[in-house]
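Now for the letters of each chain:
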Amino acid sequence: MEVETPILGSSVGGASATPFVTFHEEMKAKLYLRVAPELYLKQMIIAGFDRVFEIGKMFRNEGIDASHNPEFTSCEFYMAYADYNDLMHFTNHMLSNLVKEFGFQPRHGSVDVDFTADYKKLEFLPALESAVDCRLPDPDMLQSDESLKFLVELCRQRDIPVTGPLTVPRLLDKLASVLVEPNLVQPTFLTDHPMIMSPLSSPRPDNPHLAERFELYACATELCNAYTELNNPELQRSTFRFQAGLEDPESMLPDEGFCTALDHGLPPTAGWGCGLDRLTAILTNNHNIRETISFPLTKPVASKLSSTES
């Protein structure tokens, strides 16, 4: 079932991103433009709608480059009684058929990119360890100060610049973006991220410090992010508190309203999100997301009138 969820809200969540902030004069309240519809869509599942999706605009106060625009269109869906393994199968099947049906022939440089094959799977930490050629801290130790110092030194040794607050999630993401992701040309599922990077994901039954999560990469670009949803309200409150303690503008803010909804019971659920502008760029061999957006954000140009008056 297709649904619509709010674009303006008094809280922000569903993705690790810096939000745009505005102010409601009548309510005298600070409001946020949504960075993702996830928390609302999961509340629809709680309300009894077993399968919901939304296609709409997201807003993230971030830089502009070949794969990012502050305003973009995404598709998110949530499916009760499924997990991330089901979504990997679904993603592979859907994109394979999409490419066949429309005759897309995506390429990365001189390399043909085959979306019709079975997609490779790589676990996040082993893939990163292979790239840095050393052992990383165990997943259960990633919240420690020692792990933070280790990752900072790892970035320094490899001349990898890191901006913003130095946090373990940010450093792991940066290391992977520089050392792992550029090699993922053929469609590849990067799976089982540390829970410290995945505050809305359900932990793996065999390792509570790893998440049942995957990101799909192709042409060295992230296309999809999906996971088995965390449905334990107390664990969700705990992960929100940890995120708040990071003092990172991209961290998720605690949302007690969502946690209260979880108290009523979220069935086993899997959720999936995809930036449609970016996917379109990849499939149509456009090397910049701007080529798939009618009016991409650009820097304002000073008017001639202003120049004359000054």
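As the structure is a computational prediction, the values presented were derived from the model and not from experiment.

Asks: How should the packing of helix α6 (residues 233-245) against helix α7 (residues 256-263) be read in this particular structure?
Replies: Geometrically, a packed helix pair is captured by the angle between its two axes and the distance between the axes. Orientation of α6 relative to α7, taken along the N-to-C sense of each, is 160°, at an axis distance of 9 Å. Our classification of the angle between α6 and α7 gives roughly antiparallel. Considering only the axes of α6 and α7, their crossing is right-handed. Where α6 abuts α7, its residues Pro233, Glu234, Gln236, Arg237 and Phe240 lie against Glu256, Phe258, Cys259, Thr260, Leu262 and Asp263.

Asks: Just to check I follow, could you spell out helix α4 (residues 145-157) for this structure?
Replies: An α-helical segment advances 3.6 residues per turn. Residues three or four places apart therefore align on the same side. For α4, which comprises 13 residues, the first-to-last C-alpha distance of 18 Å matches the rise-based estimate of 18 Å (1.5 Å per residue) to within 8%. Within the sequence span of α4, burial applies to Ser147, Leu151, Leu154 and Cys155. With its buried residues spanning 95° around the axis, α4 presents them on a single face. Seen from the open side of α4, the exposed residues pointing more than 90 degrees away from its buried face are Asp145, Glu146, Lys149 and Arg156. Residues of α4 that are buried in the fold lie against α3 (124-132) and α5 (168-179).

Asks: What is the right way to read the packing of aromatic side chains from this model?
Replies: Both the distance between ring centres and the angle between the ring planes are used here to describe each pair of aromatic rings. Per the stated rule, a full pass over the model turns up seven aromatic pairs. Arranged with centres 5.1 Å apart and planes meeting at 75°, the rings of Phe77 and Phe90 form a pair that is edge-to-face. Here Phe77 is found in strand β5 (residues 71-80), whereas its partner Phe90 is found in helix α2 (residues 84-102), with 13 residues between them in sequence. On the basis of relative accessible area, Phe77 is assigned to the buried category, the value being 11%. What makes Phe90 partly exposed here is its relative accessible area of 31%.

Asks: Help me out: how do you make sense of the environment of Pro70 in this one?
Replies: Structurally, the position occupied by Pro70 is in the loop between β4 (51-59) and β5. Between the C-alpha atoms of Pro70 and Glu153, which are 83 residues apart in sequence, the distance is 31 Å. If we ignore the near neighbours within four places in the chain, the residues touching Pro70 are Phe20, Met58, Phe59, Arg60, Glu62, Ile64 and Leu297.

Asks: Teacher, can you tell me more about the pairing of strand β12 (residues 213-218) here?
Replies: Most of β12 is tucked away: six of the six residues are buried. Burial along β12 is two-sided: Arg213, Glu215 and Tyr217 and Phe214, Leu216 and Ala218, pointing in opposite directions, are all buried. For strand β9 (residues 188-191) and β12, the ladder comprises four bridges, and the chain directions are antiparallel. Residue Thr191 lies in a different strand from β12, and its bridge partner there is Phe214. Pairing of β12 with strand β13 (residues 221-228) involves six bridges; the strand directions are antiparallel. Bridge pairing in β13 places Arg213 opposite Tyr227. The loop that links β12 with its antiparallel partner β13 comprises two residues; one of these, Cys219, has a positive phi angle of about 55°.

Asks: How should I be thinking about α5 in this particular structure?
Replies: Here α5 contains twelve residues, and its C-alpha end-to-end distance of 16 Å stays within 8% of the 16 Å for a straight helix at 1.5 Å per residue. Along α5, the residues that are buried comprise Val168, Pro169, Arg170, Leu171, Leu172, Leu175 and Ala176. Summarising the contacts, the buried residues of α5 are in contact with α3 and α4. Where α5 begins, the capping side chain belongs to Thr167, and its oxygen is found 3.2 Å from the backbone nitrogen of Arg170.

Asks: Sorry, what's going on with the side chain of Thr191 here?
Replies: Take Thr191: it is sitting in strand β9. According to the relative accessible area criterion, Thr191 is buried, its value standing at 5%. When near neighbours in sequence (up to four residues on either side) are disregarded, Thr191 contacts Met88, Leu122, Glu123, Phe124, Arg213 and Phe214.

Definitions and cut-offs
- Residues numbered from 1 in each chain as written.
- Predicted model: local features only at pLDDT ≥ 70, side-chain atom pairs only at ≥ 80, totals over all residues.
- Heavy atoms only, no water.
- Axes fitted to C-alpha atoms, helices over the stretch in contact; angles between N-to-C directions.
- Helix = DSSP H or I, 4+ residues; strand = E, 2+ residues; numbered from the N terminus.
- Parallel < 35°, antiparallel > 145°, perpendicular 65-115°, else oblique.
- Left-handed = near helix turned anticlockwise from the far one by under 90°.
- Contact = heavy atoms within 4.5 Å.
- Expected span 1.5 Å × (residues − 1).
- Buried < 20%, exposed > 50% of the residue type's maximum accessible area, 1.4 Å probe, protein only.
- Arc of directions from axis to C-beta.
- Phe/Tyr/Trp six-rings, centres within 6.5 Å; stacked < 30°, edge-to-face > 60°.
- Pairing = 2+ DSSP bridges.
- Polar contact = N/O pair within 3.5 Å; in protein donor to acceptor, adjacent residues only side chain to side chain.

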